[in-house]
Amino acid sequence: MKYRALGKTGLRVSEVVFGGGAVGGLLIRAEDEVKRRAVERALTAGINWIDTAPMYGQGASEKAIGWLLKEIAEERRPHVATKAMLDMTAGDLSGQVERILSESLERLQLSSVDLLQIHNRVVGVGTEGNALGVSEILGEVRKGLERVRDAGMVRHVGFTANGEKEALHEVIGAGFYESAQVYYNMINPSAGRDLPAQWSGHDFGNLIDLCKERGVGVLVIRVLAAGVLATDVRHGREGEIIPRADVESNERKAARLLAAIGAGQGSRAQMAVRYA
């Protein structure tokens, strides 16, 4: 296993991490013994990071990680990252950060986590659904994160860099957030390069270069496009999270990509991970 510095956090993270989310779903739907074997296999392979969130199985993922970590010797335990999805209709964004994290820590049976990431979509002005505006994520949300960090409930803070390109660049440029979950795969590589004017997909505007410039750690998400790049077998959890993209269009693009690349590149999943 190879390891990378996570921005300026001082943490060194395995290049491949263990996801506790709904798409793979091992920590949510599998039998306990399968969960146990999967985590042990990951640790043996050198993975030192596990990612989860309260919304993964309505807390089931965090609860599973809680009891699984209790079975692992302390010196072998991976870093743990979780998330906070804020309710824009409930107000008190700063207070929500603390309440959500407190509930996560209880499920995880931990006193603190290594990383808490704000998981709302980010836009210039937050007027739609649960999207956070720039002023909110750099204002009241930041205050809540500073409070839980000062209280020792979390060591580092980040956000999911999904939303409007200009807003995401502004948040990264502000210098507060230490990490960003960045959408990047063979179907939409716009977060890692400048694309031509005729590009019709959602454009993240080479966000990874800006993260590097600002010392923000990058955690790449959607490497397999929710499974579309890995296999033609659908599991029903492939829903897209970015505008102008859906499972059907991803399938068409994946087929064209795979035909152009040809054989001899390993499995489809290996190819997608290697690309990222």
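Everything that follows concerns the structure shown earlier in this document.
Throughout this document, residue positions are counted from 1 along each chain, in the order its sequence is written. pLDDT decides what is reported in this predicted model: residues at 70 or higher carry local features, side-chain atom pairs at 80 or more are listed and counted, and totals for whole chains, interfaces and linings draw on all residues regardless. In computing side-chain values, all of the structure's heavy atoms are included and hydrogens and water are not.

1. Things to note about the overall build of the chain
Part 1: Looking only at helices and strands, one finds ten helices and eleven strands in the chain.
Part 2: Relative to the compact-globule value of 19 Å for 276 residues, the chain shows a C-alpha radius of gyration of 18 Å, a close match.
Part 3: Oriented by its inertia axes, the alpha-carbon framework of the chain measures out at about 50 × 45 × 35 Å.
Part 4: Burial status across the chain gives 48% buried among its 276 residues. Only DSSP runs of H or I with at least four residues qualify as helices, and only runs of E with at least two residues qualify as strands; both kinds are numbered from the N terminus onward. We compute the radius of gyration over the C-alpha atoms and compare it with the globule rule, which gives 2.2 Å times the number of residues raised to the power 0.38. Throughout this description, buried means an accessible area under 20% of the type-specific maximum (1.4 Å probe, protein chains only), exposed means over 50%, and partly exposed covers the range between.

2. Concerning helix 8 (residues 207-214)
Every α-helix winds through 3.6 residues per turn, so residues three or four apart in the chain are directed the same way.
Part 1: Within the sequence span of helix 8, burial applies to Leu207, Leu210 and Cys211. Projected down its long axis, helix 8 carries its buried residues within an arc of 100°, all on one side. Exposed and oriented more than 90 degrees from the buried face of helix 8 are Lys212 and Glu213.
Part 2: With its phi angle positive at about 75°, glycine 215 sits one or two positions after the end of helix 8. Picture the helix axis, draw a direction to every C-beta atom, and the arc is the one those directions span.

3. So, the side chain of asparagine 250
Part 1: Turning to its location among the elements, asparagine 250 is positioned in helix 9 (residues 247-261).
Part 2: Judged by its relative accessible area of 2%, asparagine 250 is buried.
Part 3: Two residues form a contact once any of their heavy atoms are found within 4.5 Å. Those residues within four positions of asparagine 250 in sequence are excluded, and the remaining contacts are Ile187, Ala225, Val228, Glu240 and Ala245.

4. A word on the packing of helix 2 (residues 32-44) against helix 3 (residues 60-70)
Part 1: One can describe the packing of helix 2 onto helix 3 by two numbers: an axis separation of 11 Å at closest approach and a directional angle of 65°. Comparing their axes, helix 3 and helix 2 come out roughly perpendicular. Note on packing geometry: the crossing formed by helix 2 with helix 3 is right-handed. Contact residues: Asp32, Lys35, Arg36 and Val39 in helix 2; Ala64, Trp67 and Leu68 in helix 3. Each axis is a line fitted through C-alpha atoms, taken for helices only over the stretch in contact, and angles between the N-to-C directions span 0 to 180 degrees. Working definition: roughly parallel below 35 degrees, roughly antiparallel above 145 degrees, roughly perpendicular at 65 to 115 degrees, and oblique for all remaining angles. Each crossing is labelled by how the near helix is turned from the far one, with a counterclockwise turn of less than a right angle marking it left-handed and a clockwise turn marking it right-handed.

5. Re the packing of aromatic side chains
Part 1: Each aromatic pair joins two rings of Phe, Tyr and Trp (for Trp, the six-membered one) with centres within 6.5 Å, and gets the label stacked for planes under 30 degrees apart, edge-to-face for over 60, and tilted for any other angle. Under the definition given, this model contains four aromatic pairs.
Part 2: Judged by centre distance (4.9 Å) and plane angle (85°), the ring pair of phenylalanine 176 and tyrosine 177 falls under edge-to-face.
Part 3: Of the residues examined, tyrosine 177 reaches a relative accessible area of 3% and is grouped as buried.
Part 4: When the ring of tyrosine 184 is compared with that of tyrosine 275, the centres are 5.7 Å apart and the planes differ by 25°; the resulting orientation is stacked. Of this pair, tyrosine 184 sits in the loop between strand 10 (179-183) and helix 8 while tyrosine 275 sits in helix 10 (residues 268-275), and the two are 91 residues apart along the sequence.
Part 5: Aromatic rings pair up to connect Phe159, Phe176 and Tyr177 into one cluster.

6. Focus on the environment of valine 223
Part 1: Within the secondary structure layout, valine 223 lies in the loop between strand 11 (217-221) and helix 9.
Part 2: Judged by relative accessible area, valine 223 falls into the buried class, the value being 17%.
Part 3: As a C-alpha pair, valine 223 and leucine 6 span 217 residues in sequence and 18 Å in three-dimensional space.
Part 4: Dropping the residues within four chain positions of it, valine 223 is found in contact with Tyr184, Asn185, Leu229, Ala272, Val273 and Ala276.

7. Some thoughts on a nonpolar patch on the surface
Part 1: Grouping into patches uses exposed residues only, defined as over 30% relative accessible area, and leaves out salt-bridged ones; the cut-off is 9 Å for like charges and 5 Å for nonpolar side chains (Val, Leu, Ile, Met, Phe, Trp, Tyr). To be clear on the numbers: accessible area is Shrake-Rupley with a 1.4 Å probe, and residue cover counts the displayed protein chains and nothing else. We define a salt bridge as a side-chain nitrogen of Lys or Arg found within 4 Å of a carboxyl oxygen belonging to Asp or Glu. Together, Met1, Tyr3, Val16 and Val273 line one region of the surface with nonpolar side chains, adding up to about 330 Å² of accessible area.
Part 2: Here valine 273 lies in helix 10.
Part 3: A relative accessible area of 43% places valine 273 in the partly exposed class.

Any link to function would need more than the numbers given here.
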